[in-house]
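# Chain and residue survey
Chain by chain, the residues:
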Amino acid sequence: MERPNSSSGIMRTKSDQLVETAEAVAAAMRSPTSGEATGGAESGGTLSRKSSRRSMMSASPGRAGGNSKNTHIRKSRSAQIKLDLDEVSSGAALSRASSASLGFSFSFTGFTVPPDEISDFKPFSDDDTPDDLEAGMRKQRIQAEPTLPIYLKFKDVTYKVILKGMRTNVEKEILNGITGSVNPGEVLALMGPSGSGKTTLLNLLGGRLNQPTAGGSVTYNDQPYSKSLKSKIGFVTQDDVLFPHLTVRETLTYAARLRLPKTLTKQQKEKRAVDVIYELGLDRCQDTMIGGSFVRGVSGGERKRVSIGNEIIINPSLLFLDEPTSGLDSTTALRIVQMLHDIAEAGKTVLTTIHQPSSRLFHKFDKLILLGKGNLLYFGKASGTMEYFSSIGCSPLITMNPAEFLLDLANGNLNDVSIPSELEDKVQTEHSETETRNGKPSPADVHEYLVEAYETRVADQEKKKLMIPIPIDEELKSKVCSPKREWGASWWEQYSILFRRGLKERRHDYFSWLRVTQVASTATILGLLWWQSESTNPKGLQDQAGLLFFIAVFWGFFPVFTAIFTFPQERAMLSKERAADMYRLSAYFVARTTSDLPLDLILPVLFLIIVYFMAGLRMDAGSFFLTMLTVFLCIVAAQGLGLAIGATLMDLKRATTLASVTVMTFMLAGGYFVKKVPIFISWIRYISFNYHTYKLLLKVQYEHITPNVNGMKIDGGLKEVSALVAMVFGYRLLAYISLRRMKLHTGA
Ligand SMILES: Nc1ncnc2c1ncn2[C@@H]1O[C@H](COP(=O)(O)OP(=O)(O)OP(=O)(O)O)[C@@H](O)[C@H]1O
């Protein structure tokens, strides 16, 4: 096998690269068995997308099936760069041709599509109203950069978890020696019953489970996983993790601005978002909110498409999807799988788990992995699956959807399936069990038989195939393992994007009439209770000090309990975005903590305006503004505590329990209720923001009247201000450290 010319590089112009890559692959493929394909690749290397599409469009399913060799020529770029054209099944080619004849296609390729063909790019148009046709016409091409082709290989992959018991820890094996590969231009489907390990395998291959309990080898262009791959991987998780109050367009625009490389301008990034919206047929709902449990938003299918859009927007080399069709009707599911297929055709490597595909969906996959209880039951061409299982004696006895047949097998259920002679013999020797199972072997026996059959007949052959080096040059290989992380925006840009995104997502909270009413009514009640209170006599001063203490407690409690929710609520989003290296944690942290400040500072202004004048506190501008500044300082310090507790525990129940105990202790140690605090507990007051705030409020109101209120000495106030400022930063630092230590949850 010839090695390709090492002068080609990913940074060169797209057409240069395509021609070179095609030539490289063609060179690599020069073998007697792939002679036809090579011819196709060579001639196809310089084929334009237009000509390839034309030939695809002219193919009818029947014709494609009758002349499968020609389908190689019809394939676009991805097919040309395939390592092993032999892998392309005639079934997959047939389905491609038939999909082309249905008018489905995907232009996430960077290829120029002639305007007369743009109207064909309607993978998601729901009906044929004139509006839709117009939308179809307006669909934009995505001027994607050429992606780095990534060949993914995995050999003998194992994964276990340690389950902690009361007395001993138990090891649970989740994956047991999984081997396979997937190349650019292919869609690999992971199938198996629920709990068979599909998500775990997907996470492991996507670099999201790098725990020591994982074994075997996973390589990307023959290189191990490196952090630089994060920017080349798109990972669509099973649950759609999206902000419910952002619109579809906002969601994709923020993703584009954060994730696309710095080399693109803001306008180019925003245009990419619009292009993705049109590509995914989301134009009609682009200004609709995503929605969630409490807000009605886009439909489930649209939400799934937004999740996919969030990932394909970066033009990933490798796209992983966890059950992208779950919960969708069969037509929408078919459209999504068709789209994956088109993405693969554009030179990407696609892996998807799938639960129970219809037979139409099943034929759209190039390769298939069938898992059963974490073991490999089949890996190979999707179109060769039935042939393989019939070769080991398992064939459906009635007409059956292949996916249904495979899931039955993986579950050990041989109803309406022929029983292999080996298993039949086993059943006959186990008489007692035979009676209870109507002559059928037990699921455990079926599982064991299937695992063994694969091990003895196919596994070694597949492992040998993986040893063949990939025919791409070293430069391309090294791009995969560069240790440098690539951020899409500078720290400051990340901060400002996240700040704005935070404001938009929580805009409904900011102007929540409920919170305004809560604060205004509390202030009014306080104003009425302390109506025009006097501070000129000791009794009146005592009363007023009570009001000041209440203000210190109220603005200590309130922010702690609102800040507690900040990080636990966004945990899933943070994990997802950090796993994709979308931004620096510090930029997120600062943006998230500052975007809440406007509201937190508007409400106390309203509160103080009502209380201050109703209660008749010290009437001069300086005192009013100093009181306000003191309350602000208290709020920001209290928020810090809430953030720290939330980020450390990341669990709302535990966090609220701890916060209420802490705040209560701070309040009691604040010096208003107990004058003589026992020495062993008196230190608590120094870490209590209530104590410092109360002292400052007393100072502002009474420093000109008395040096001592309620046994509390009124001093310069510098100590109190310093303590509060230290809390503002100290608690936040603690919160940041806790977030840094947070394990990224990937849903495995
Ligand atoms: N961290 C973990 N701790 C304990 N068990 C785990 C863990 N991760 C996975 N498992 C177990 O491993 C098995 C495989 O899980 P996985 O989510 O990969 O299955 P799946 O095939 O994707 O299932 P489904 O189709 O229902 O999503 C399950 O039994 C699951 O409970």
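Along each chain, the written sequence defines residue order, and numbers are assigned to residues from 1. Local features in this predicted model are restricted to residues of pLDDT 70 or higher, and side-chain atom pairs are both shown and tallied only at a pLDDT of 80 or more, whereas totals for entire chains, interfaces and linings draw on every residue. Excluding hydrogens and water, the side-chain values take into account all heavy atoms of the structure.

The next thing to look at is the overall build of the protein chain. Here a helix means four or more residues in a row that DSSP labels H or I, a strand means two or more in a row labelled E, and each is numbered from the N terminus. A count of helical and extended segments in the protein chain gives 34 helices and eleven strands. Each residue is assigned to one of three classes by its accessible area relative to the maximum for its type, calculated with a 1.4 Å probe on protein chains only: buried under 20%, partly exposed between the two thresholds, exposed over 50%. Counting all 748 residues of the protein chain, 58% fall into the buried class. Contacts are residue-level and defined by heavy atoms, with any inter-residue pair within 4.5 Å sufficient. Here the contacts in the protein chain between residues at least 6 apart in sequence split such that 75% fall between residues at least 24 apart.

With that settled, the discussion passes to empty space enclosed by the protein. Think of a 1 Å grid over the protein atoms and nothing else: a 1.4 Å probe that fits but is trapped marks a cavity, an open set flanked by protein within 12 Å on at least five of seven lines marks a pocket, and residues with an atom within 4 Å of a point count as lining. Grid points are joined across faces, edges and corners, and a volume is the space filled by probe spheres set on the points. Tallying each qualifying case throughout the model produces 13 cavities of 30 Å³ or more. Every residue lining the largest cavity is counted, 15 residues in all, and those nearest its centre are Thr 251, Asn 310, Arg 501, Met 573 and Glu 577. Broken down by element, the lining of the largest cavity gets its largest block of residues, four residues, from helix 11 (residues 248-259). Residues that form the lining of the largest cavity fall into these classes: eight nonpolar, two polar and five charged. For this classification, Asp, Glu, Lys and Arg are treated as charged, while Ala, Val, Leu, Ile, Met, Phe, Trp, Tyr, Cys and Pro are nonpolar and the rest, including Gly, are polar.

Our next topic: the side chain of Gln 544. Turning to its location among the elements, Gln 544 is positioned in helix 25 (residues 538-563). Residue Gln 544 is classed as buried on the basis of its relative accessible area, which comes to 2%. Engagement of the side chain of Gln 544 in a polar contact is seen with the side chain of Ser 533, the distance being 3.0 Å. In contact with Gln 544, other than residues within four places in its own chain, are Trp 530, Ser 533, Glu 534, Ser 535, Ala 615, Gly 616, Leu 617 and Tyr 702. Polar contacts here mean pairs of N or O atoms no more than 3.5 Å apart (in protein, one a potential hydrogen donor and the other a potential acceptor; neighbouring residues in sequence count only if both atoms are side-chain atoms).

A few words now on the site of the ligand. The environment of the ligand is made up of 16 residues, and the closest members are Ser 194, Gly 195, Lys 198, Thr 199 and Thr 200. At a separation of 2.8 Å, an oxygen atom of the ligand approaches a polar side-chain atom of Lys 198. Thr 199 places a side-chain nitrogen or oxygen 2.6 Å from an oxygen atom of the ligand. Burial of the ligand by the protein amounts to 69% of the accessible area it has alone, namely 630 Å². For the shell around the ligand, the elements supplying multiple residues, two or more each, are strand 1 (152-164), strand 2 (169-182) and helix 10 (198-205). For the shell around the ligand, the per-class residue count stands at five nonpolar, eight polar and three charged. Consider each residue's heavy atoms; a residue with any of them within 4 Å of a molecule or strand counts as near. Under the convention used here, a 1.4 Å probe and the Shrake-Rupley method define accessible areas, while residue burial counts only the protein chains that appear.

The topology assignment puts Ser 196 in the loop between strand 3 (187-191) and helix 10. In this structure Ser 196 comes out as buried when scored by relative accessible area, which is 2%. At 2.6 Å, the side chain of Ser 196 and the backbone oxygen of Pro 193 are in polar contact. When residues no more than four places from it in sequence are discounted, the contact partners of Ser 196 are Ile 174, Leu 371, Gly 372, Lys 373 and Gly 374.

Moving on, we come to a nonpolar patch on the surface. Like charges within 9 Å and nonpolar side chains (Val, Leu, Ile, Met, Phe, Trp, Tyr) within 5 Å are joined into patches, using only residues over 30% in relative accessible area that form no salt bridge. Throughout this description, the term salt bridge denotes a Lys or Arg side-chain nitrogen within 4 Å of a carboxyl oxygen of Asp or Glu. A cluster of nonpolar side chains, contributed by Ile 609, Phe 613 and Met 619, occupies part of the molecular surface with about 300 Å² of accessible area. If you trace the backbone, Phe 613 turns up in helix 29 (residues 597-615).

Quick look at the nonpolar core now. Side-chain atoms within 4.5 Å are what join buried Ala, Val, Leu, Ile, Met, Phe, Trp, Tyr and Cys residues into a set we call a nonpolar core. Core analysis: the largest hydrophobic core is formed by 100 residues, its most contacted members being Leu 152, Ile 369 and Phe 389. Among residues more than four places away in sequence, those in contact with Phe 389 are Leu 370, Leu 377, Tyr 378, Cys 394, Phe 405, Leu 406, Leu 409 and Leu 450. One finds Phe 554, Leu 608, Leu 617 and Met 712 within the second-largest nonpolar core, a separate group that totals 38 residues.

This part covers the environment of Ser 330. The residue Ser 330 is located in helix 14 (residues 330-345) in this model. When its relative accessible area of 45% is taken as the criterion, Ser 330 is described as partly exposed.

What follows concerns the environment of Gly 281. Locating Gly 281 in the fold gives a position in the loop between helix 12 (266-279) and helix 13 (300-312). Residue Gly 281 is classed as buried on the basis of its relative accessible area, which comes to 16%. Note: C-alpha distance between Gly 281 and Arg 305 (24 residues apart in sequence) is 8.7 Å.

pLDDT runs from 0 to 100 and stands for how confident the predictor is about each residue. The predicted model of the protein chain averages 76 in pLDDT, with 76% of residues at 70 or higher. Predicted confidence is poor over residues 1-122, with pLDDT under 50, and the contacts of this stretch with residues over four places away or in other chains come to 222 contacts. For residues 125-144, every residue scores under 50 in pLDDT, and the model assigns this stretch 51 contacts once sequence neighbours within four places are set aside.

Counting rule applied: Lys, Arg positive; Asp, Glu negative; His and chain ends not counted. To locate a charge, the coordinates of NZ of Lys, CZ of Arg, CG of Asp or CD of Glu are taken. The grouping of Glu 422, Glu 424, Asp 425, Glu 448, Glu 452, Glu 455 and Asp 460 at the surface amounts to a negative patch. Sorting the residues of the negative patch by element identifies helix 18 (421-429) and helix 20 (443-467) as the ones contributing at least two each. Looking at the negative patch element by element, the count peaks at four residues for helix 20. Positionally, Glu 422 belongs in helix 18.

Moving on, we come to unusual backbone geometry. The phi dihedral of Asp 222 is positive, around 65°, even though this residue is not glycine. A positive phi angle, near 50°, is found at Met 650, a position not held by glycine. Positionally, Met 650 belongs in the loop between helix 30 (621-649) and helix 31 (652-668). Owing to a relative accessible area of 11%, Met 650 belongs among the buried residues under this scheme.

Here a Phe, Tyr or Trp ring, Trp counted by its six-membered ring, pairs with any other such ring whose centre lies within 6.5 Å, and the pair is stacked when the planes are under 30 degrees apart, edge-to-face when over 60, and tilted otherwise. Scanning the entire structure with this criterion turns up 28 aromatic pairs. Each ring, one from Phe 567 and one from Tyr 588, has its centre 6.2 Å from the other, and the planes form 55°; the classification is tilted. With Phe 567 in helix 26 (residues 566-569) and Tyr 588 in helix 28 (residues 585-595), this residue pair connects regions lying 21 residues apart in the sequence. Accessibility classification places Phe 567 together with Tyr 588 in one group, the buried group. Taken together, the ring pairs connect Tyr 378, Tyr 388, Phe 389, Phe 405 and Tyr 454 into an aromatic cluster.

Our next topic: helix 24 (residues 513-529). With 17 residues, helix 24 ought to run about 24 Å at 1.5 Å a step, and its terminal C-alpha atoms sit 24 Å apart, in line with that. Buried within helix 24 we find Arg 515, Val 519, Thr 522, Ala 523, Leu 526 and Gly 527. On an axial view of helix 24, the arc spanned by its buried residues comes to 135°, and they lie on one face. When the buried face of helix 24 is taken as reference, the exposed residues oriented beyond 90 degrees from it are Trp 513, Leu 514, Ile 525, Leu 528 and Leu 529. For a helix, the expected span equals 1.5 Å multiplied by the residue count minus one. Arc, as used here, means the arc of the directions from the helix axis to the C-beta atoms.

Okay, the pattern of salt bridges next. Where charged atoms from two side chains of opposite charge come close, those side chains can pair. If you walk through the whole model with that rule in mind, you get 14 salt bridges. Where Glu 250 meets Lys 504, a salt bridge forms, and the shortest distance between an N and an O atom there is 3.9 Å. Of this pair, Glu 250 sits in helix 11 while Lys 504 sits in helix 22 (residues 491-505), and the two are 254 residues apart along the sequence. Given a relative accessible area of 15%, Glu 250 falls into the buried group. Residues Asp 275 and Lys 271 are paired through a salt bridge, measuring 3.0 Å at the closest nitrogen-oxygen approach. Of the two residues, Asp 275 and Lys 271 both sit in helix 12, four residues apart, roughly one turn of that helix.

Most of strand 6 (residues 318-322) is tucked away: five of the five residues are buried. The alternating pattern of strand 6 places Leu 318, Phe 320 and Asp 322 on one face and Leu 319 and Leu 321 on the opposite face, and all of these are buried. Pairing between strands is defined by DSSP: at least two bridges between them are needed. In this sheet, strand 7 (residues 349-353) lies alongside strand 6 in parallel orientation, the contact comprising five bridges. Its bridge partner lying in strand 7, Leu 318 is registered against Thr 349.

Every angle, taken between N-to-C directions, lies between 0 and 180 degrees, and every axis is a line fitted to C-alpha atoms, over only the stretch in contact when it is a helix. For the pair helix 24 and helix 25, interaxial distance at closest approach is 12 Å and the crossing angle is 165°. Classified by the interaxial angle, the pair formed by helix 24 and helix 25 is roughly antiparallel. Seen along the crossing, helix 24 lies across helix 25 with a hand that is right-handed. Note on element contacts: helix 25 touches helix 24 through Leu 547, Phe 550, Phe 554, Trp 555, Phe 558 and Thr 562, opposite Arg 515, Gln 518, Val 519, Thr 522 and Leu 526. Residue composition of the contact of helix 24 with helix 25, grouped by class: seven nonpolar, three polar and one charged. Each angle is binned into one of four classes, with values under 35 degrees roughly parallel, values over 145 roughly antiparallel, values of 65 to 115 roughly perpendicular, and all other values oblique. What makes a crossing left-handed is the near helix being turned counterclockwise from the far one by less than a right angle; a clockwise turn instead makes it right-handed.

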